[in-house]
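Now for the letters of each chain:
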Amino acid sequence: MNWQSVLTGTLGCCGFALLYRIPLKRLPLAVLGGALGTLSLLLFQKITDSLFTSNLLAAIVAAIYCEVTARILRTPVTLFMLPALVPLAPGSYLYYATFYFVQRDMGRCLSYALGTFSVASGLAVGIVTVSLIIRVIKIPKLQRHLHK
Amino acid sequence: MEETPERTNEEDIYAVDRVLSLALDIAEKMLEKGAQVQRAEETVVRICLAYGAKQVEPFAINTLLQATVCMPDGYHTTQIRRVYQTSTDLGKLERLAKLVDRVVSERPTPEAVQSELQAISESKSRALWMDFVGMPLGAGAFAIFFGGGIWDGVAAALIGAVLAGLNLLLTSRILNAVARTALSALVGGLLAIFLCAVGLGKNPDSVMMGTIMLLITGILFGNALRDLLCGDLIAGILKCIQAFISAFAIAAGYSVALWLGGLLP
């Protein structure tokens, strides 16, 4: 386990939480979510080589933390979700894909584009799965109205 | 063909229209500050139902918001808002969510809610120091996270501070978002090359990756796929395109920087 990566990933989440103007009293819990996301991503990357699977599992762990914390504190889930998912977001892949496209290196461009898609879809599937499960557990009246 | 029934009491009409207007104002602010499309639609429905609507039909994408409200007597009304996205503000998002909960449970007069909404949107959210701490911290930490050394992190943090200043100077009124991103990438790339040439950073690649994390919208791409999976297809597609365009702007800006710095043939 590389503790330097966990530490810097967590600090990065803290920076982004400030950038997203998080209320200061929510900052510690949001940074904790970021630490959890980073830690589980690095752990799952050790276990599996698949970009999709490691990101999916890490996103599930982080999303469960965010949904539960938000429920307890009665805040919007986004408040914890955005900072926590920064290390899981496919920022570097998306950049390299477009960078190699601009450099006309189509082989690398394609492999990074696929990487972007794997990472982002793992992330999205993880979040949506968790939020769907939570919605099913407590079916609000509102949902019934929306999908009538 | 159904005809809209005439409403005899003029105050009633104003009340319904005012409530719809209020619900859309709140949902618009939420979209501006970074809420999901689905959440904005739910907000409109909850508020209008709380004030006695029979049926509410909202539709939102990240740039537009509209809803039709139908009252029990058959009177219906529609309003549209154009949403101009500003920067994500989780503090205001939380206050808006609290306001919505209160509106739904206590049903205050629209005037009272309006003034509270005004207070939220005009309040300062400690913008300045948060940018100047957050951007260097994010850039520096992620430069090390992506395989750089301590000094690469310091260099990236310095560039982050410069980009925070640039952000402050170039408001959206002067340049649009894409041009601003490209210019930030150009400045960030030139500074990364310069700081590595001077000897502060050892590894230009990781210094650049740290600063790119500030500009790139990886989260946006993840959110786009999330919208698609939730069934908000149009919003999801729009966000995908938005993410790709901003990625291209960054790649273009950095390529020009690399070319000027002589690192490209």
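Further up the page is the structure itself.
A quick note: this is a predicted structure, and the numbers were derived from the prediction, not measured. (Residues numbered from 1 in each chain as written. Chains lettered and ligands numbered in written order. Predicted model: local features only at pLDDT ≥ 70, side-chain atom pairs only at ≥ 80, totals over all residues. Heavy atoms only, no water.)

A. Spatial organisation of the pairing of strand β1 (residues 55–61) of chain B. Residues and elements named next belong to chain B. Bridge count between β1 and strand β2 (residues 64–70): seven bridges; the pairing is antiparallel. Directly across from E57, in β2, lies its bridge partner T68. Hairpin geometry of β1 and β2 is characterised by an intervening segment of two residues between the two adjacent antiparallel strands. (Pairing = 2+ DSSP bridges. Helix = DSSP H or I, 4+ residues; strand = E, 2+ residues; numbered from the N terminus.)

B. Region of the structure containing the sheet that holds β1 of chain B. Residue and element names in this part refer to chain B. Judged by pairing direction, the sheet is antiparallel, and its three strands sit side by side in the order β1-β2-β3 without closing on themselves. The open sheet has two edge strands, β1 and β3 (76–82), and neither has a second partner. When strand polarity is set aside, the average angle formed by the axes of neighbouring strands in this sheet is 10 degrees. The pairing of β2 with β3 spans seven bridges and is classified as antiparallel. (Axes fitted to C-alpha atoms, helices over the stretch in contact; angles between N-to-C directions.)

C. Structural context of the interface of chain B and chain A. The interface of chain B with chain A comprises 58 residues on the first partner and 56 residues on the second. Here chain B meets chain A over a buried area of about 5000 Å², counting both sides, of which 76% is carbon and sulfur. Applying the counting criterion to the chain B and chain A interface returns three salt bridges. The salt bridge involving D131 of chain B is made with R21 of chain A; its shortest N-O contact spans 3.3 Å. Among the secondary structure elements, those contributing two or more residues to the side of chain B that touches chain A are α2 (37–50), β1, α3 (90–106), α5 (127–145), α8 (204–215), α9 (218–229) and α10 (233–260) of chain B. The biggest single contributor to the side of chain B that touches chain A is α5 of chain B, with 13 residues. (Contact = heavy atoms within 4.5 Å. Buried area = accessible area lost by both parts, 1.4 Å probe. Salt bridge = Lys/Arg side-chain N within 4 Å of Asp/Glu carboxyl O.)

D. The packing of helix α7 (residues 177–198) of chain B against α8 of chain B, seen in detail. Residues and elements named next belong to chain B. At a minimum axis separation of 9 Å, α7 and α8 run at an interaxial angle of 155 degrees. Taken together, the axis directions place α7 and α8 in an arrangement best described as roughly antiparallel. Helix-helix and strand crossings are classified by hand; for α7 and α8 the assignment is right-handed. Within the contact between the two elements, α7 uses T181, S184, A185, G189, A192, I193 and C196 and α8 uses P204, V207, M208 and L215. The class makeup of the residues in the contact of α7 with α8 is eight nonpolar, three polar and no charged. (Parallel < 35°, antiparallel > 145°, perpendicular 65-115°, else oblique. Left-handed = near helix turned anticlockwise from the far one by under 90°. Nonpolar A, V, L, I, M, F, W, Y, C, P; charged D, E, K, R; others polar.)

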